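Structural description and commentary
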Amino acid sequence: MQELWLILGISIFALAFAAFYLIPNVLKRDTGTPAMRRISDAIKEGAEAFLRRQNKTIVLLAILVAALIFLIYGFVRSHNANDPVDSTQTLAFWTTLSFILGALCSVASGYIGMWVSIRTNIRTAAAATKSLNGALQTALRGGAVSGLFVVSLSLLGVAGLFALVKATGVVSDIAKIPLLIGGYGFGASFVALFAQLGGGIYTKAADVGADLVGKVEAGIPEDDPRNPAVIADLVGDNVGDCAGRGADLFESTAAENIGAMILASALFVANPGAFKADIIGILLFPLVARAFGLIASIIGIMSVRTKETEDPMKALNRGYYITSVLAAIGFGIASYWLLAPADPNGALANAWINFFICGLIGLTTALAFVFITQYYTEYRFRPVQSIAEASQTGPATNIIAGMAVGFENVAVPVLVIGAAIIGSYYVGAASGLKEAGLFGTAVATMGMLGTAAYILAMDTFGPITDNAGGIVEMSQQPDEIREKTDRLDAVGNTTKALTKGYAVGSAALAAFLLFSAYLDELKNYGLKLDAVDLTKPEVFVGALIGGGLVFLFTAMAIKAVGRAAFAVIKDVRDQFREKPGILLGTDQPNYGRTVDIVTRAALKEMVLPGILVIATPIGVGLVFKWLFHARGGEVGVGAIQAVVLDSSHRLASGGEVVAGFLMVATIVGILVALMLNNGGGAWDNAKKFIEMGNYGGKGSEAHKAAVVGDTVGDPFKDTAGPSLHVLIKLLSTITLVLAPLFI
C-alpha cells in the first residue's frame, strides 16, 4: 500500500503547491490601471456567466446518463459470472459512482483553470509595463495552476476510487478493480466533449464575428474597443482554451490511467510469481510514474525565466526540457521499484529496463510532436510563410495553401505515432514476459503523459497572454507595452498549437491502449478476438460507420461555429447601424448583448453533436448484438460459436462489430484532427506574419486575404480539431464501460 500513499501524497502536495503558493503568488501582483481593470472585469464576468450556464447543461445531461447506466447495469442486464462483483446492483452502483466522480472532477478541472486564467490576464498585462520576464512568469504560473490541478485530480480520483473499492472488499480479485472503476474515465470523457465543444463553438464564433466585421468590414484593429464582439472574443479564449482544454487533458489522463491499469492487471495475471511487487504495486505502477511527472513539472515551471531581448519561446522550451529529463528519471525509479523481478538473477532480471525504455519512447514521442507542431505552425518556417506568400493573390490562394499545409502535416506525425507503438510493443515483448507487448505500449503512453502538467501550463499560457494583449490595446497603453504583449501572444499561439499536437499524439497512443483494454475486457467476458476480421460484412459496415461518424461530427462542429458566428456578425452590424457613434468613438458598444447572444448560440449548438457521439457506438453494438443472436449466434468461453450462413461467412457478434467501429473511428479521427489542428494554426500565424510588416502588413490586400483564411482555420483548430481528441477517447471509454452489453 506504500505505492498508494505515495500517489496520494504527491497529488495532494501538487494541489497544495498550486493552491497555497502559485495562486497567491499570482493574485498578489499588480492589477494595473482602472481602465485595464474595467476590461478584465468584463472578461471575467462573461467567462463565469458562460461556464455557469454550460455546466448546468452538462450536469443535467450527466445525471440522465448516470441514471441510464444504473438502470442498464442494475435491472436490464443479467449477471455474468465474469463480472468483477457478485451482484448486478453492486456493479451498477460502482460503475455509476465512478461515472459521477469522473464527471465532477472534469468539471472542477476546467473551472479551476478558467478561474485562475481570468484573474491572471490583467496581472500579466500589468507586469508587461515593467518587464518581459515578469509578464512571462506571471502568465506561466497562472497557467500552471490549471496543469497541476488537472493531473493531480486525475491521479487522486483514480487512486482514491481504487483505495475505496479495495477497502470495502466488494471485489474478491484485486486484479478486477480497474474494470469496476472504468466509469471514471467515461464520466471525464463525457464532460470533456461538451466542455471542449461548447467552449470551442463560443470562442470561434466570437473570434470569426469580431474579425470579419471589425478587421475586414470596418477596417479597425484587432481588440479595438469599438468592436462590440471584442469582449466576447476575449471571453472565448478562456472558456475554450482554458476550461475546454483542461477538461480535455483531464479525461486523457483519467482514461489512460485506467486503461494502463487494466493492461497491468493482465500482465500480472499472465506472469504469476514473476515480480517482486504484489498485484497492487503492478496495478499502481502507471499512477506512480505519473506522480513523479508531477514533481518534474513543478520544477520545470519554477525554472522558467527570460531576458528582455530573448525569444520567450526559448525560455519555455528550456523548462520543458528540464521537465522531460526529470520525468525520465522518475520513470526509471518507478520501473526499477515496481517492475523488478522476483528472481534478480533469473532470465527476467532486466525486464524492468525494457519498460523504462518504453517510457523513454513515450517522452521522446511527446518531444517529437512539439517540434513537428512548431515547424508547421510557427511563422519562422516554410509552411506558414508559404500561406502568407499565397495571400498576395487573394483569399482563394490563401485557403488553397492552408488546406495543402493541413493535409501535408499529417504524414510525419503518423510515422512518429507508428514508430512509438511498434517500438514500445516490441521492446515490451522483448522483456520475456507474457502480455508484455501491449503493456509496453501502455507504458509509452504513460511516458508521453509524464509532462502533461507542464504542457497544460503552456497551453493556458496562450489565452492568458492573448487576453493580456487585448487588455493592453483596449486600455490604450503605449506601443512599447503592446510590443511586449504581442511577443508573448505570438508565443502563446505556438504553445496552444503545441498542446493540440501533444493532445492528439497522446490520444493516438491512448486509443491503441484503450482499444487493447477493450479487447481484454471482451476476453474476460468470453469473447476472445485474436483479430478484428474486416472481411465479415457486419464488421466492415461497423468500421464504415465509425469513419463516417468522424466526418459527420466534424461537419456539425464547423457548421455550429458558422451559425453562431452569423448571429455575432448580425449583432455587431446592428450595433454599428443603431449607434453610428461607436465607430467614431463617441458611443459605447453593448458588449454584454454580444456575449449573451454567443453564449446562447454555443450552448444550443453543442448538444446534438455530443448526443450523436454517445448514441452511435451504443446503437451499433446493440443492433449487431441483436442481429447476431437473432441468427443463432452464441458467445462461448474463449470463442465465438455462430451459425454458418454460407461456406465463407461466420456471423460477427456485437462486440466484434464495435471493435471494427472503434478501430476505424480512431484512425480516421487522429488523421482528421491532425489536419484540422495544425492547418488552422498555420493559417492563424500566417496572418500574424503579415501583421508583422511582411507582404504589405496590416490593412493590405494580403492581410485581408489572410484574415479570411484565419476565419476558415479558426473552427478547424479551436473547435472541431480539439473536440476530435475527446471524441476518440470518449468512444474508447464508452465502449470499455459498456462492453458487456454488446456480447
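To start, this report covers the structure provided alongside it. From a predicted model like this one, the values you see are computed outputs, not experimental measurements.

Moving on to the overall build of the chain. Scanning the chain for helices and strands turns up 21 helices and four strands. Scaling as 2.2 N^0.38, a compact globule of 743 residues should have a C-alpha radius of gyration of about 27 Å, and the chain matches this with 25 Å. If you line up the chain on its principal axes, its C-alpha atoms span 75 × 55 × 45 Å. Of the contacts made within the chain by residues no fewer than 6 positions apart, 84% connect residues no fewer than 24 positions apart. When the accessible surface of the chain is split by element, carbon and sulfur atoms take 64% of a total near 24400 Å².

In this section: helix α8 (residues 279-302). In this model α8 runs 36 Å from its N-terminal to its C-terminal C-alpha over 24 residues, within 8% of the 34 Å that 1.5 Å per residue would give. Its axis deflected by about 50° at F285, α8 carries its strongest bend there, up to four residues before the proline P286. With 21 of 24 residues buried, α8 is to be regarded as a mostly interior element.

Turning next to the side chain of T554. Within the secondary structure, T554 is located in helix α17 (residues 537-578). Residue T554 is classed as buried on the basis of its relative accessible area, which comes to 8%. In terms of polar contacts, T554 uses its side chain to reach the backbone carbonyl oxygen of V550, at 2.8 Å.

Turning to a nonpolar patch on the surface, a few remarks are in order. On the surface, a cluster of nonpolar side chains totalling about 340 Å² of accessible area is made up of L71, F75 and V76. Along the chain, the position of V76 falls in helix α2 (residues 34-76). Looking at V76, the relative accessible area reads 64%, which means it is exposed.

We now examine the nonpolar core. F190, Y202, I231, L316, F439 and Y518 are the most contacted members of the largest nonpolar core, which has 250 residues in total. When residues no more than four places from it in sequence are discounted, the contact partners of Y518 are G655, V658, A659, L662, T735, L736, A739 and F742.

Turning our attention to unusual backbone geometry. Phi at E435 is positive, roughly 65°, even though this residue is not glycine. Along the chain, the position of E435 falls in the loop between α13 (411-429) and α14 (436-448).

The next subject is the packing of aromatic side chains. One pass over the structure, following the stated rule, counts 21 aromatic pairs. A centroid spacing of 5.4 Å and a plane angle of 85° characterise the contact between F93 and W94, whose relative ring orientation is edge-to-face. Taking the relative accessible area as the measure of exposure, F93 reaches 42% and is therefore partly exposed. Taken together, F99, F186, F190 and F194 form an aromatic cluster joined through their ring pairs.

You can see I357 is positioned in helix α10 (residues 351-377). With relative accessibility at 36%, the residue I357 sits in the partly exposed group. Each C-alpha atom of the pair I357 and A665 lies 30 Å from the other, and the pair is 308 residues apart in sequence.

Right, let's get into the packing of helix α7 (residues 230-270) against helix α16 (residues 479-524). Contact pair α7 / α16: the axes reach a minimum separation of 9 Å and the direction vectors enclose 30°. Judged by the inter-axis angle, α7 sits roughly parallel to α16. Considering the relative orientation of α7 and α16, their crossing is left-handed. Together, D241, R245, D248, L249, A255, E256, G259, A260, I262, L263 and A266 of α7 and K496, T499, K500, A503, S506, A510, L513, L514, S516, A517 and D520 of α16 make up the contact between the two elements. For the contact of α7 with α16, the per-class residue count stands at eleven nonpolar, four polar and seven charged.

Each value, and the rule that gives it
Within any chain, residue numbers begin from 1 and follow the written order of that chain's sequence. Selection of residues for local features in this predicted model requires a pLDDT of at least 70, selection of side-chain atom pairs for listing and counting requires 80 or more, and totals for whole chains, interfaces and linings are taken over all residues. Each side-chain value is derived from all of the structure's non-hydrogen atoms; neither hydrogens nor water enter the calculation. Think of it this way: any DSSP run of H or I at least four residues long counts as a helix, any run of E at least two long counts as a strand, and we number them from the N terminus. Computation of the radius of gyration draws on C-alpha atoms alone. For the globule rule, the value is 2.2 Å times the number of residues to the power 0.38. When checking whether two residues touch, look at their non-hydrogen atoms; a contact exists if any pair is within 4.5 Å. A 1.4 Å probe and the Shrake-Rupley method give the accessible areas. Residues count as covered only by the protein chains that appear here. In this scheme, a helix's expected span is set at 1.5 Å multiplied by one less than its residue total. Consider a residue and the seven residues that end there alongside the seven that start there; fitting an axis to each set, the bend is the angle between those axes. Residue burial is assigned from relative accessible area. The probe radius is 1.4 Å, only protein chains are included, and a residue is buried under 20% of its type maximum, exposed over 50%, and partly exposed in between. Pairing of N or O atoms within 3.5 Å defines a polar contact, subject to two protein rules: one partner must be a possible hydrogen donor and the other a possible acceptor, and residues neighboring in sequence count only if both atoms are side-chain atoms. A patch consists of residues exposed above 30% relative accessible area that lack any salt bridge, with like charges linked at up to 9 Å and nonpolar side chains (Val, Leu, Ile, Met, Phe, Trp, Tyr) linked at up to 5 Å. Each reported salt bridge corresponds to a side-chain nitrogen of Lys or Arg within 4 Å of a carboxyl oxygen of Asp or Glu. What we call a nonpolar core is a set of buried Ala, Val, Leu, Ile, Met, Phe, Trp, Tyr and Cys residues that are connected through their side-chain atoms within 4.5 Å. Geometry of aromatic contacts follows a simple scheme: Phe, Tyr and Trp rings, the Trp one being its six-membered ring, pair when their centres are within 6.5 Å, and the pair is stacked under 30 degrees between planes, edge-to-face over 60, tilted otherwise. To get an axis, a line is fitted to the C-alpha atoms, and for a helix only the part in contact is used. The angle between two axes follows their N-to-C directions and goes from 0 to 180 degrees. Comment on the angle field: the value is read as roughly parallel under 35 degrees, roughly antiparallel over 145, roughly perpendicular from 65 to 115, and oblique elsewhere. Handedness of a helix crossing follows the sense of rotation of the near helix relative to the far helix, less than a right angle counterclockwise being left-handed and clockwise being right-handed. Under the scheme applied, nonpolar residues are Ala, Val, Leu, Ile, Met, Phe, Trp, Tyr, Cys and Pro; charged residues are Asp, Glu, Lys and Arg; polar residues are all the others, including Gly.

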